[in-house]
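Here are the chains, one letter per residue:
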Amino acid sequence: MAEKFDVIIVGAGPGGCSAAYSLAKMGFSVLMVERGKYPGAKNVMGGRMYTYALNRLIPDFWKEAPVERKVTREKLTLLSNKSSVTLDFHDEELLEPPNSFTILRARFDQWFANKAVEAGATLVTNIRVDDLLWKDKKITGIVAGTDKLEANVVIAADGAVSLMVEKAGLKEFETKEFAIGMKEIIELPEKVIDDRFNLASEEGAAQLFIGQCTRQIPGGAFVYTNRNSLSLGIVVYINQLIESKVEAYELMREFNSNPAIAKLIAGGKIVEYSTHVIPEASRTGLFTDGLLVVGDAAGLIVNSGITLRGMDMAIASGMAAAEAVKIAMGKNDFSKKSLSHYEYLLKNDFVLADMRTFKRSPEFLQNTRLYSLYPELVCKLFHRLAVVKGPKRRLFNELLEETRGKRVRMVLDLIRGLRAL
Ligand SMILES: Cc1cc2nc3c(=O)[nH]c(=O)nc-3n(C[C@H](O)[C@H](O)[C@H](O)COP(=O)(O)OP(=O)(O)OC[C@H]3O[C@@H](n4cnc5c(N)ncnc54)[C@H](O)[C@@H]3O)c2cc1C
């Protein structure tokens, strides 16, 4: 192995692989270091990736990548104690070009890392990077155990609560900036999944749940259909989970036994369980002398309530980091000033634009009424509309009664919601 590389990338998730693939294609010597036994071994996610970012890097990637199903049905379910209301969205435009695919990270990350290796990058696995190498206050490489490896630029792609970001002095993380995600993979025959979610073969569904499933703790739950399995999980803000004194596994158990979910997973076998943090409001510095930060490590994630987008942001930031390195290599200047071009590239692409557009969303999504008052209200209204036991009233009168004493708060929430999402 060469002693010095053009670039060392810490982490072989989508952010690291995207940077490694791009840089190797540009002809640079690239080392990607992953602590898992293989890329994807340590990675958890809900399981749906929006296509547009990777499609720019590898056009029509789904023809060769191990994707599970093309998402053609988007569902949102509001859950109360006894009832649920579901919106079911289906649109031809979700099909061509495909808007998103469900994926299983253990397979997908290996494929992506392999693409980088085929393009010329070196991948080492089962090695944890412990520290950064410094010379004259500039980052010049990495330390892994007793090994010291040098590079012109290090790319921190080590995910949420990045050790590299902390070692570089770019941020100290706080729990209030993070949500925690718990996820199960439940195996079921393909035909059973098609029938239960009303899907044609190879088509997929993404279903989000809010309300009772998190015991009104800010957050939500999800079910994504894979080919022969379901990815099912819950995401809640860590601080509120701690305050509520509810155990995370209890939420998961309750979710699985909720009547709306139990019938979707009946007869299935849990084959994987994992937990992981999500940087909901944890932006870090993006660059310093000799270092760039991509993906979750930089807190580049957008949660608009309906869409959770981390993978596409990681891939796009990895591509931008590669572009910034190319320019720095041309000048042979790896200073903070030279690498700041990375931020310019992110600003001119959707990554920082979308972060800015949705900057109020983490705060808005921590409003507990979104998970208690509103799902309850919608379920009650539908109950009143659907149940016939005696004289009926018009919808407007039902609405007035259900919202008595709450309307001012509701209007304020609506305004805040429109500004945030
Ligand atoms: C429950 C849950 C559901 C989610 N659902 C979705 C979704 O549906 N769609 C979506 O787009 N996003 C989703 N996300 C977010 C998405 O998973 C992340 O945004 C995305 O994985 C970020 O990619 P990354 O490459 O920056 O980091 P990661 O995918 O976290 O990759 C980081 C890599 O670095 C490695 N690493 C860490 N430290 C070291 C070290 N010291 N040395 C060497 N290697 C190291 C890790 O093992 C890992 O392989 C979800 C996340 C969770 C937790």
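Conventions we followed
- Residues numbered from 1 in each chain as written.
- Predicted model: local features only at pLDDT ≥ 70, side-chain atom pairs only at ≥ 80, totals over all residues.
- Heavy atoms only, no water.
- Domains from an automatic or database assignment.
- Salt bridge = Lys/Arg side-chain N within 4 Å of Asp/Glu carboxyl O.
- Helix = DSSP H or I, 4+ residues; strand = E, 2+ residues; numbered from the N terminus.
- Buried < 20%, exposed > 50% of the residue type's maximum accessible area, 1.4 Å probe, protein only.
- Core = buried A, V, L, I, M, F, W, Y, C linked by side-chain atoms within 4.5 Å.
- Contact = heavy atoms within 4.5 Å.
- Polar contact = N/O pair within 3.5 Å; in protein donor to acceptor, adjacent residues only side chain to side chain.
- Expected span 1.5 Å × (residues − 1).
- Patch = residues over 30% accessible without salt bridge, like charges linked within 9 Å, V, L, I, M, F, W, Y side chains within 5 Å.
- Areas by Shrake-Rupley, 256 points an atom, 1.4 Å probe, with all protein chains shown as cover.

Trainee: Would you mind going over the domain arrangement of the chain with me for this structure?
Mentor: Often the size quoted for an interface is simply the accessible area lost on bringing the parts together. In terms of domain boundaries, the chain breaks down into domain 1 (4-66 + 104-172 + 282-348), domain 2 (179-278) and domain 3 (364-420). Computed over C-alpha atoms only, the centres of domain 1 and domain 3 are separated by 44 Å.

Trainee: In this structure, what is going on with the pattern of salt bridges? I would like to understand it.
Mentor: Proximity of charged atoms lets side chains of opposite charge pair with each other. Under the definition given, this model contains 27 salt bridges. The partner of E68 in a salt bridge is R107, and the shortest N-O contact between them spans 2.6 Å. Linking E68 in strand β4 (residues 67-79) with R107 in helix α3 (residues 105-118), this pair joins segments that are 39 residues apart in sequence. A salt bridge links E402 to R384; the nearest nitrogen and oxygen atoms lie 2.7 Å apart. Here E402 is found in helix α15 (residues 395-402), whereas its partner R384 is found in helix α14 (residues 373-386), with 18 residues between them in sequence. R384 sits in the partly exposed class, given a relative accessible area of 23%. Each member of the salt-bridge network shares a partner with another, and the members are K380, R384, R393, E398, E401 and E402.

Trainee: It is not clear to me how the nonpolar core should be interpreted in this structure. Could you clarify?
Mentor: In a soluble, globular protein the nonpolar side chains are often hidden away together inside. With 84 residues, the main nonpolar core has I9, L54, F61, I155, L292, L300 and Y342 as its most contacted residues. Apart from residues lying up to four places away in sequence, F61 is in contact with M49, T51, L54, N55, V67, F101 and W111. Judged by nonpolar contacts, the second largest core, of 27 residues, contains I193, F209, A221 and V223.

Trainee: What's the story with the side chain of T72 in this structure? I'm lost.
Mentor: The topology assignment puts T72 in strand β4. A polar side-chain atom of T72 sits 3.2 Å from a polar atom in the side chain of E203. The contacts of T72, once residues within four sequence positions are left out, are F89, H90, D91, L94, L95, L199, E203 and G204.

Trainee: What exactly am I supposed to notice about helix α9 (residues 311-331) here?
Mentor: Because each turn of an α-helix spans 3.6 residues, side chains separated by three or four positions end up pointing in the same direction. With 21 residues, α9 extends 31 Å between its outermost C-alpha atoms, agreeing within 8% with the 30 Å of an ideal straight helix rising 1.5 Å per residue. In terms of residue burial, α9 counts as a mostly covered element, since 16 of its 21 residues are buried. Of the residues trailing α9, N332 is marked for its positive phi of about 50°.

Trainee: It is not clear to me how a nonpolar patch on the surface should be interpreted in this structure. Could you clarify?
Mentor: A contiguous nonpolar surface patch, about 360 Å² in accessible area, is contributed by V408, V411, L412 and I415. Note that V408 resides in helix α16 (residues 407-420). Owing to a relative accessible area of 64%, V408 belongs among the exposed residues under this scheme.

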